[in-house]
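Residues per chain, in single letters:
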Amino acid sequence: MSAEKILVLNSTGKVGRNVCRALLEAGFDVYGTTRSTKGALASLGVKSVVCNYTLRADLDRAFIQTGAKKVFVITDYFGAARKSADLEIEQGRAAIDAAKAAGVQHLVFMSVADAEFFDHHVKHLHAKVALEKYLRESGVPFSILRPCAFFENLDDPANWNPLKKGVVKFLTTLDCKYCATYDIGRAAAIQLKDPQLWLGKTLDVIGWQGDLSKVAAALSKVSGVPVKAQLAMPIFLRRLFLKDLHHMCLYYEVQKGPRGTPEAFKKILPDTLSAEDWFRFHGQYSNGKKIATGV
Ligand SMILES: NC(=O)c1ccc[n+]([C@@H]2O[C@H](COP(=O)([O-])OP(=O)(O)OC[C@H]3O[C@@H](n4cnc5c(N)ncnc54)[C@H](OP(=O)(O)O)[C@@H]3O)[C@@H](O)[C@H]2O)c1
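Reference entry: report on the structure contained in this document. (Residues numbered from 1 in each chain as written. Predicted model: local features only at pLDDT ≥ 70, side-chain atom pairs only at ≥ 80, totals over all residues. Heavy atoms only, no water.)

### A short note on the nonpolar core
Part 1: Judged by nonpolar contacts, the single largest core of 91 residues is most densely connected at L23, F72, L107, L154, V168, Y178 and F279.
Part 2: When sequence neighbours within four positions are dropped, the list of residues in contact with L107 reads V71, V73, I96, A99, L135, V140, P141, F142 and S143. (Core = buried A, V, L, I, M, F, W, Y, C linked by side-chain atoms within 4.5 Å. Buried < 20%, exposed > 50% of the residue type's maximum accessible area, 1.4 Å probe, protein only. Contact = heavy atoms within 4.5 Å.)

### A closer look at the sheet that holds strand 7 (residues 149–150)
Part 1: Spatial strand order, 7-9-11: three strands in an open sheet with mixed pairing. At either margin of the open sheet sits one strand with a lone partner, and together these are strand 7 and strand 11 (208–210).
Part 2: Pairing analysis gives two bridges linking strand 7 to strand 9 (residues 176–179), with the strands arranged parallel. Note that in strand 9 the partner of F150 across the bridge is C179. (Pairing = 2+ DSSP bridges. Helix = DSSP H or I, 4+ residues; strand = E, 2+ residues; numbered from the N terminus.)

### What to know about the site of the ligand
Part 1: As a structural note, the neighbourhood of the ligand is formed by 20 residues, with T12, V15, T34, T75 and N153 the closest of them.
Part 2: Interatomic distance of 2.9 Å between a side-chain N/O atom of N10 and an oxygen atom of the ligand.
Part 3: K14 has a polar backbone atom sitting 2.8 Å from an oxygen atom of the ligand.
Part 4: In isolation the ligand has 950 Å² of accessible area, and contact with the protein removes 77% of it.
Part 5: Elements supplying a minimum of two residues to the shell around the ligand: helix 1 (14–25) and strand 7.
Part 6: By residue class, the composition of the shell around the ligand is nine nonpolar, seven polar and four charged. (Near = heavy atom within 4 Å. Polar contact = N/O pair within 3.5 Å; in protein donor to acceptor, adjacent residues only side chain to side chain. Areas by Shrake-Rupley, 256 points an atom, 1.4 Å probe, with all protein chains shown as cover. Nonpolar A, V, L, I, M, F, W, Y, C, P; charged D, E, K, R; others polar.)

### With respect to the pattern of salt bridges
Part 1: A complete count under the given rule lists 15 salt bridges for this structure.
Part 2: Measuring nitrogen to oxygen at the nearest pair gives 2.7 Å for the salt bridge that ties K47 to D29. Taken together, the residues K47 in strand 3 (residues 47–50) and D29 in strand 2 (residues 29–34) connect sequence positions 18 residues apart.
Part 3: Between E253 and R238 there is a salt bridge whose closest N-O contact spans 2.9 Å. Linking E253 in helix 9 (residues 243–253) with R238 in helix 8 (residues 235–241), this pair joins segments that are 15 residues apart in sequence. Grouping residues by exposure puts E253 and R238 together as buried.
Part 4: When salt bridges with common partners are traced through the structure, they connect E116, E132 and R146 into a single cluster. (Salt bridge = Lys/Arg side-chain N within 4 Å of Asp/Glu carboxyl O.)

### So, the sheet that holds strand 3
Part 1: Strand order in the open sheet made by the seven strands is 3-2-1-4-5-6-10, with parallel pairing throughout. The sheet is open, and its two edges are formed by strand 3 and strand 10 (202–205), each paired on a single side. Going across the sheet, the axis of each strand differs from the next one's by a mean of 20 degrees, ignoring polarity.
Part 2: Looking at chain direction, strand 5 (residues 106–110) and strand 6 (residues 142–147) are connected through four bridges and run parallel. Across the sheet, residue L107 finds its bridge partner in strand 6, namely F142. (Axes fitted to C-alpha atoms, helices over the stretch in contact; angles between N-to-C directions.)

### Considerations on the packing of aromatic side chains
Part 1: Across all of its chains, the model carries ten aromatic pairs by this definition.
Part 2: Here the aromatic rings of F151 and W208 are separated by 6.1 Å at their centres, their planes lie at 45 degrees, and the arrangement is tilted. Of this pair, F151 sits in the loop between strand 7 and strand 8 (167–170) while W208 is found in strand 11, placing the two residues 57 residues apart along the sequence. Accessibility classification places F151 together with W208 in one group, the buried group.
Part 3: On the basis of an interplanar angle of 45 degrees and a centroid distance of 5.7 Å, the ring pair of F170 and Y178 is categorised as tilted. Y178 shares its class with F170; the two are buried.
Part 4: Every member of this aromatic cluster is reached through a ring pair, and the members are F151, F170, Y178, W208, W278 and F279. (Phe/Tyr/Trp six-rings, centres within 6.5 Å; stacked < 30°, edge-to-face > 60°.)

As far as function goes, none of this settles anything; it's purely spatial.
Structure representation (structure tokens):
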């Protein structure tokens, strides 16, 4: 039997790339959208589809071109939607409407854990709540994944936080819930492989919990060198210049959210990545040097 086709939107991003990897490993025939004509993910075995995932006409073309009846949908407030919740909603609706028109049998939408519980300053989550509602009412068969903070934030040079030897930085040093984008993909594969169980259902993707000193200890164990845990910026600057993310952090720090637990997620994905696993999986510092000792 030939592998089932799946279209992954925004396949070159931090989420898309690892979702593609997980879906390939789960046996899917993976098509990934990108605006680039360079076939960026071909070396991974992903078939590139030239498509701006925020445009309805491009999405219609991508579904026709691939014939995929399964799709992994993400939207992005900070990037593609240029910090406009309204534009993010418009872009997400375009993806859901295109999936409906294409007769998609299973759409997995990536939202955010507890999106409805953050305060109104956390503007980058407004669209997630609205799009979950739109999807539920769309008639498109769906599942929803709700991840917490990505481990990938620990190596994020685009946002001035490159991972360097001997130090790990984040917006909070306090207890936090993390997940690997690879585990978002593995969770998507679980949902797509068992539609009877997962259609209409939501799953929180919460891989691991710990404060930044525990994250540093994990990196130290993998790298074999001592690692310092540091705030990426002082809290007063976080409050002044990153209001949206500051309030998101407060939900983690003060309200101890999101409510889901690694224990619950492990019942679905028993070998979910811990901090130590993630550093091994990620494999390198931002400058390309290997993390693991003796490599
Ligand atoms: N960071 C976290 O902790 C966290 C946690 C939970 C959820 N999330 C969610 O994750 C999502 C972001 O995903 P991500 O981190 O994978 O994104 P990302 O890495 O920033 O995505 C980058 C890709 O977006 C495409 N892109 C950039 N600008 C674009 C534009 N103007 N129009 C169309 N495409 C554009 C580019 O692809 P091409 O050039 O190849 O087209 C680029 O490779 C957001 O919805 C966020 O809410 C994040």
